[in-house]
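# Structural overview
Here is what each chain is made of, one letter per residue.
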Amino acid sequence: MKKILSILLCAALAGGCVLTGCGSGESKTDGSAATGDEASKDGGKASAEAVSDPLEGVKATASTDKYRNVYQIFTQSFCDSNGDEIGDFQGIISKLDYLNDGDPNKGDDLGVDALWMTPITPSESYHKYSVENYYDVDADFGTLEDFDKLVEECHKRGINVIFDLVLNHISNKNPLFVEACEEVKKGKLDGKAEYFEFHEPDYYSADVNTIQVGDYVCEANFSPTMPEWNLTSEKTKEEFTRIAKFWLDRGVDGFRLDAVKYFDNKHTNGVEFQKWFVETCCGIKKDVYLVGEDWTNDLDIADMYESGIDSLFAFRFSQSSGDIIDTLSTANGASFAKKVASYEKKMSAANADYINAVFLSNHDQIRIANALESRGLEAEKFAANLYMLMPGNSFTYYGEEIGMKAPYTDSDKWYRLPMAFDSDSPKIRVDGAVAPEAPKYGGVKQQLEDRNSLLNHYRRLITAKLQNPLIARGRATGAQSFDDKEVGAYYIEKDGEKLLVIHNFNATAEKTLSITSDMIADAQVYADFLGSSEDNHLAIRDGKLTMPPYSSVIIGSKR
Ligand code: CA
Ligand code: CA
Ligand code: CA
C-alpha cells in the first residue's frame, strides 16, 4: 500500500487542545488512526479533519492455513510466453509477482494467496473440461516440468495451488473410455465398462442425456463427448485415488471439484461419494483443501456439506442475478446482512468446519463488470467489499480486479478473454476470439499508478483481510440493525474476538450512524473501503460514524 505522504491533523494530538486553523497541522503517518478521543471534540464536520489511513502501520500476516484469497484464472487466457497466442505455465510464472511477491507488507502486488487454474490436463476442447489423460498436462500450456516449476514458484511466494479436477465426466477420447467402448460393443460389461455409466437402453428415464454405444447407453449430461464415470465402482475409486495421489504428490495444495451436482444419479449417492473422496484426499495429504462446484440451491449445498468438504461455492451471492447485485438494486442492506448470517448458520449446521467460498463471477458467468457498469466504478468497488468482507475464502476471477468486461454475452468465450496487464489487449486467442476493445479503466500497469483505481481497492481489501485474520476465519453471527434498511451490518466472531462489518448501500447519500459500546466496546475503525476517493479516511467521533455512499468499514475494539 502506498503511504499517504502528508496528512494534516487539525486537532491537537494530546491534551484535548483544539486548534482551529489547518496551517499548524502535524503530519501523522505512523499508522495510529485518529479516533474520537484524540480528534476534535467541537462537533466540527469530519471533512474538516483528515484521518490517517487505519491500514497504515498495522502488520499484515501471510496465511499458512486453508483460509485464502483465491485468484481464478482461465489457464489459456492469462499470459502467453512464446507467441503462439495461447496462455501457458511460463506465462503465469512471469506474472506471479503481480499476484503475490511473497511479502504481505510490501510491493505492488495484488496479494492473493491461492491460485485456481481451470483444467490443465490434455484435452481437445479449449476449456479442457473433457479430460483425455488425467496424468499429464496439455502441451498447449507446457510440460509437467513447467508445471512443477509453477508450483514451486507459487509456494515460494506463499501461494497455494488448487487443481481443477473433473471427476463427473471424462473425454470420449480418453483411452480408458475408448477401450471400454470396444468391450461394450462386443457385449462385455464386466471389464472396463464398469468405470463408466453403461446400462441397458431403458435404464435411464428420457430426461437423462445418454450416448449410444453398441446395444447400450452411457450417461452424458453435459455433452455427447463427455460420458460420465460410474462413481460407485471400486475400479473408479482405485483410479481416482491414483489421480489424487499423482497431483498431491506433485505439490498441489487442493482440488476444485467440477460439477459435483452431477455426482448424484440413479444409483450413486453424491454426498457419500464426495465423503469418500474427501477422506481419500485427507489420507494422502492431511491439510488438503477441497472446494466443490455445486451449482444449485442452498438446501442441496447444505446436504453436500455433510460430506465434510471444506468449501462449496456460494452461488446465491454470485452472478448478475445473485444476492449481491440484487441488493445493489434494492439497496436493502439490512436484508443482505441477514442473508449473510443465515447462510452461515445453515451451512455450519451441516459442517461445523465449513469455509464459505464467496465470489462475484467465474468462467461460466457473464463478467460482473457487465452487471455493474451502468452503476459506475464506485459500485464495482462496493461489490468487491460485499463479497470479500464475508467470512470464508474469496474467489476473484482474473480481470475482475481491473473491471474487465465481456464485450458480448452470446458465448462463454467472451467471459474468458485475455488478462489486460497493459492498456493494449494482449494477443491471445480464446476459442478463436480476440478481445475487441481495450480495458475500460486501463490495464494492471495503469491502475497500479492510480491510487483510486479498482485494482488498488482490491489490494486494500486483501491487505485488510491479512491484517484482520478474523474476517476469513470467524463466523457471521448475526446482523446489527441501525434502523435504516440501506445500512447492512453483521458481526464476525470467533474465540471471544468480535468485529463489526458495516456497509452503506446508498449510492449517493452518506449515513451517520451511532456506534454504541454494546455493539463493540471502545470502538475503532480497523479498515475503511470508500467508493470515490480512498484518501478521506473514516473515524468514530463521539460515538458517531459518518459513512460515504457505497462505503464499508470494519470496526473492532481499540487495539
Ligand atoms: Ca503459449
Ligand atoms: Ca506484497
Ligand atoms: Ca454423474
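Residues numbered from 1 in each chain as written. Chains lettered and ligands numbered in written order. Predicted model: local features only at pLDDT ≥ 70, side-chain atom pairs only at ≥ 80, totals over all residues. Heavy atoms only, no water.

## Remarks on the overall build of the chain
Of regular secondary structure, the chain possesses 14 helices and 20 strands. Here the C-alpha radius of gyration of the chain, 25 Å, is about what a compact globule of 559 residues would show, namely 24 Å. Dimensions along the principal axes, computed over C-alpha positions, put the chain at roughly 95 × 50 × 40 Å. A separation threshold of at least 6 residues defines the contact pool for the chain, and within that pool the share at least 24 residues apart is 67%. On the chain, roughly 21,600 Å² of surface is accessible, and the fraction owed to carbon and sulfur atoms is 48%. Across the chain, the centroid of the 59 positively charged side chains sits 3 Å from that of the 90 negatively charged ones. (Helix = DSSP H or I, 4+ residues; strand = E, 2+ residues; numbered from the N terminus. Rg over C-alpha atoms; globule rule 2.2 N^0.38 Å. Contact = heavy atoms within 4.5 Å. Areas by Shrake-Rupley, 256 points an atom, 1.4 Å probe, with all protein chains shown as cover. Lys, Arg positive; Asp, Glu negative; His and termini not counted. Charge placed at Lys NZ, Arg CZ, Asp CG, Glu CD.)

## Things to note about unusual backbone geometry
The backbone of aspartate 542 sits at a positive phi, close to 50°, despite the residue not being glycine. By the secondary structure assignment, aspartate 542 is in the loop between strand E18 (523-529) and strand E19 (544-547). A residue is classified by how much of its surface remains accessible, and aspartate 542, at 48% relative accessible area, is partly exposed. Phi at tyrosine 550 takes a positive value of approximately 45°, unusual for a residue other than glycine. Considering the arrangement of structural elements, one finds tyrosine 550 in the loop between E19 and strand E20 (552-557). Overall, tyrosine 550 belongs to the buried group, its relative accessible area being 5%. (Buried < 20%, exposed > 50% of the residue type's maximum accessible area, 1.4 Å probe, protein only.)

## A look at the coordination of the calcium ion (ligand 3)
Taken together, Asn168 (OD1), Glu228 (OE) and Tyr262 (O) make up the protein donors of the calcium ion (ligand 3), found 2.2 to 2.3 Å from the metal. Mapped onto the sequence, the donors of the calcium ion (ligand 3) take the spacing N-x59-E-x33-Y. Here tyrosine 262 lies in the loop between strand E9 (254-257) and helix H6 (270-284) and glutamate 228 lies in the loop between strand E8 (216-219) and helix H5 (234-249), a separation of 34 residues in the sequence. (Donors = N, O, S within 2.8 Å, 3.2 Å for Na, K, Ca; no water.)

## As for the confidence of the model for the chain
The predicted model of the chain averages 92 in pLDDT, with 91% of residues at 70 or higher. Low confidence marks residues 1-47, where pLDDT is under 50. Its contacts with residues over four positions away, or in another chain, come to 84 contacts. (pLDDT = per-residue confidence, 0-100.)

## Quick notes on the sheet that holds strand E12 (residues 357-359)
In a beta sheet, neighbouring strands pair by backbone hydrogen bonds and run either parallel or antiparallel. Ordered by their spatial adjacency, eight strands build an open sheet running E11-E10-E9-E5-E4-E3-E13-E12, and the pairing between neighbours is parallel. Two strands bound the open sheet, and with one partner strand each, they are strand E11 (311-312) and E12. As defined by bridge partners, strand E5 (residues 160-165) adjoins E9 across four bridges and the pair is classed as parallel. Bridge pairing in E9 places leucine 165 opposite leucine 257. (Pairing = 2+ DSSP bridges.)

## Here's the deal with the pairing of E5
The buried count for E5 comes to six of six residues, which makes it a mostly enclosed element. Residues of E5 alternate between two faces, with Asn160, Ile162 and Asp164 on one and Val161, Phe163 and Leu165 on the opposite face, all of them buried. Relative to E5, strand E4 (residues 114-117) runs parallel, the two sharing four bridges. In the sheet register, leucine 115 faces E5, and the bridge partner there is valine 161.

## A closer look at the packing of aromatic side chains
Tallying each qualifying case throughout the model produces 41 aromatic pairs. Ring geometry for tyrosine 408 and tryptophan 414: centres 4.7 Å apart, planes at 70°, overall edge-to-face. Judged by relative accessible area, which is 43%, tyrosine 408 ranks as partly exposed. Just above the ring of phenylalanine 421 sits the side chain of lysine 95; from NZ or CZ to the centre is 4.3 Å. Between the NZ or CZ atom of arginine 367 and the centre of the ring of tyrosine 398, over which it lies, the distance is 4.7 Å. (Phe/Tyr/Trp six-rings, centres within 6.5 Å; stacked < 30°, edge-to-face > 60°. Lys NZ or Arg CZ within 6 Å of the ring centre and 35° of its normal.)

## Some points on the coordination of the calcium ion (ligand 1)
Each protein donor to the calcium ion (ligand 1) is listed here as Asp80 (OD), Asn82 (OD1), Asp84 (OD), Ile86 (O) and Asp88 (OD); together their distances run 2.2 to 2.3 Å. When the donor residues of the calcium ion (ligand 1) are listed from N- to C-terminus, their spacing reads D-x1-N-x1-D-x1-I-x1-D. Overall, aspartate 80 belongs to the buried group, its relative accessible area being 18%. A relative accessible area of 52% places asparagine 82 in the exposed class.

## Some thoughts on the sheet that holds strand E16 (residues 497-504)
Across the sheet, which stays open at both edges, the five strands sit in the order E14-E15-E16-E20-E18 with antiparallel pairing between neighbours. With partners counted over all chains shown, the strands left at the sheet margins are strand E14 (475-479) and E18, one partner each. Direction aside, the axes of adjacent strands within the sheet are offset by 25° on average. Two strands pair when backbone bridges link them, and E14 and strand E15 (residues 487-494) are joined in this way by four bridges, in the antiparallel orientation. Looking across to E15, one finds that alanine 476 is bridged to isoleucine 492. Seen against the sheet, helix H9 (residues 333-350) touches E14 and E15 and runs at an angle of roughly 135° to E14. Against the sheet, helix H11 (residues 377-388) makes contact with E16, E18 and E20, and its axis sits at roughly 155° relative to E16, the strand it touches most. (Axes fitted to C-alpha atoms, helices over the stretch in contact; angles between N-to-C directions.)

## Here we look at helix H13 (residues 454-467)
Its 14 residues give H13 an end-to-end C-alpha distance of 20 Å, which sits within 8% of 20 Å, the value for a rise of 1.5 Å per residue. Buried residues dominate H13, accounting for 14 of its 14 residues. (Expected span 1.5 Å × (residues − 1).)

## Structural notes on the pairing of strand E10 (residues 289-292)
Neither face of E10 is left uncovered, since the one carrying Tyr289 and Val291 and the one carrying Leu290 and Gly292 both have all their residues buried. Between E9 and its parallel partner E10, the chain crosses via H6, and the hand of that crossover is right-handed. Here E10 runs beside E11; their pairing, made up of two bridges, is parallel. Opposite glycine 292, over in E11, you have leucine 312 as the bridge partner. At this point the chain moves from E10, through helix H7 (residues 298-305), to the parallel E11, and the crossover so formed is right-handed. (Right-handed = clockwise from strand over helix to strand, strands pointing away.)

## Re the packing of helix H8 (residues 323-330) against H9
At a closest axis distance of 9 Å, the pairing of H8 and H9 adopts a crossing angle of 160°. Classified by the angle their axes make, H8 and H9 are roughly antiparallel. Where H8 crosses over H9, the handedness of that crossing is right-handed. Contacts from Asp323, Ile324 and Thr327 in H8 reach Gly333, Phe336 and Lys339 in H9. Residues of the contact of H8 with H9, tallied by class, amount to two nonpolar, two polar and two charged. (Parallel < 35°, antiparallel > 145°, perpendicular 65-115°, else oblique. Left-handed = near helix turned anticlockwise from the far one by under 90°. Nonpolar A, V, L, I, M, F, W, Y, C, P; charged D, E, K, R; others polar.)

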